[in-house]
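So you can see what is in the structure, the chains are spelled out below.
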Amino acid sequence: MYDVVLLTLGGGCGAPRVPVLACADALTAAGATVQTVTAESDADIDATLDSRRLVVATATNGQLRAVVRRMVRRYAPAPSKRPADLPADRTVPDLPPIGVLPLDPTADDFAAQLDLPRDPAEVAKAVLGDKVRRLDLLRNDGGSVTLDGALVGGERGAWRGRVEVDDAVLSDGSDPILACAVGNGAGYTRLDGLPLLTTPDPADGVIEVAVAVPVVVPRLLRRPRVRIEVRRARGRAVAVTPRESEIGYVDDGVSGTLSHKRSWWIEPGAWAVYVR
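Residues numbered from 1 in each chain as written. Predicted model: local features only at pLDDT ≥ 70, side-chain atom pairs only at ≥ 80, totals over all residues. Heavy atoms only, no water.

On to the overall build of the protein. Tallying secondary structure elements over the protein gives five helices and 18 strands in all. Buried positions account for 48% of the 276 residues belonging to the protein. Taking as baseline every contact in the protein between residues at least 6 positions apart, the subset at least 24 positions apart corresponds to 69%. Total accessible area on the protein is roughly 13,000 Å²; 50% of this is exposed by carbon and sulfur atoms. Within the protein, the 36 negative side-chain charges are centred at a point lying 5 Å from the centre of the 34 positive side-chain charges. (Helix = DSSP H or I, 4+ residues; strand = E, 2+ residues; numbered from the N terminus. Buried < 20%, exposed > 50% of the residue type's maximum accessible area, 1.4 Å probe, protein only. Contact = heavy atoms within 4.5 Å. Areas by Shrake-Rupley, 256 points an atom, 1.4 Å probe, with all protein chains shown as cover. Lys, Arg positive; Asp, Glu negative; His and termini not counted. Charge placed at Lys NZ, Arg CZ, Asp CG, Glu CD.)

Structure (structure tokens):
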């Protein structure tokens, strides 16, 4: 039977919660050797990556992303040492599958999008099985990764910037942009009821990008009307170059500010999760 590490991230999770203990009990009852670990740093996460089976207890998408980011850092080869058998459309090899234990059984998170088991006993059963689902991964030039998606802007009025998807230009920098959604999954499909992404699929090998732009429509003898135009494109890479000093954005639920060009590119099927 397997050796399993059940990893909980600090900084908000605190001591192991009831789902963690229940999952550990279910794994033990099935014959696995289980170690529970609370990671307070990247080094703590790194120390778990040699495990034959890893279960990540997540309260947020950002916590799951933190673990996958460290996996990429560990397994991605240097460009000068690129293996000959690495697919041409990848910079990382197939990452080992991980189990996902959602700590909030009702959250509308990435695990829910993937229809992963949420009951601790069912998570344990999946982790001890051999069925996995491979998923696309977005890497970015900031040294991180994106599992679900990112939303640039959308909170404090319009901004200007250049948005390119492969060879398609969604904005040349002259348009006021309300928001730009970069989607691998479906987490950023709408903004205040406005449809942005239409067919995001975390296993189709492409990024879906949408830009929402206000357009003034003149009307005869009446005040002009403003409508929202959504421009969409799909491709392997996207670059967002803001013209503002700082633009707020959210990436896998983690907030930040963007002040210079940020590029994302797709790594098809790079990571995997245990499924039922």
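Moving on, there is more to tell.
On to the nonpolar core. Core analysis: the largest hydrophobic core is formed by 31 residues, its most contacted members being L54, V67, V68, I98, L137, W271 and V273. Elements with a contribution of two residues or more to this core: β1 (3-9), β2 (33-39), β3 (53-58), α3 (61-75), α4 (110-113), β5 (132-140) and β18 (262-274). Of the residues forming this core, the biggest block, six residues, is contributed by α3. With residues near it in sequence (within four places) discarded, L137 still touches V68, V72, V145, T146, L147, N184, W265, I266, E267, A270 and W271. Ranked by size, the runner-up nonpolar core spans 22 residues in total, among them V152, L170, C180 and I266. (Core = buried A, V, L, I, M, F, W, Y, C linked by side-chain atoms within 4.5 Å.)

Strand order in the open sheet formed by six strands is β6-β5-β18-β15-β8-β9, and the pairing between neighbours is antiparallel. The strands lining the two open edges of the sheet, one partner per strand, are β6 (145-146) and β9 (168-172). Summarising the sheet, strand β8 (residues 161-165) and strand β15 (residues 237-242) pair through five bridges and their orientation is antiparallel. Bridge assignment links R162 to a residue of β15, and that residue is T241. (Pairing = 2+ DSSP bridges.)

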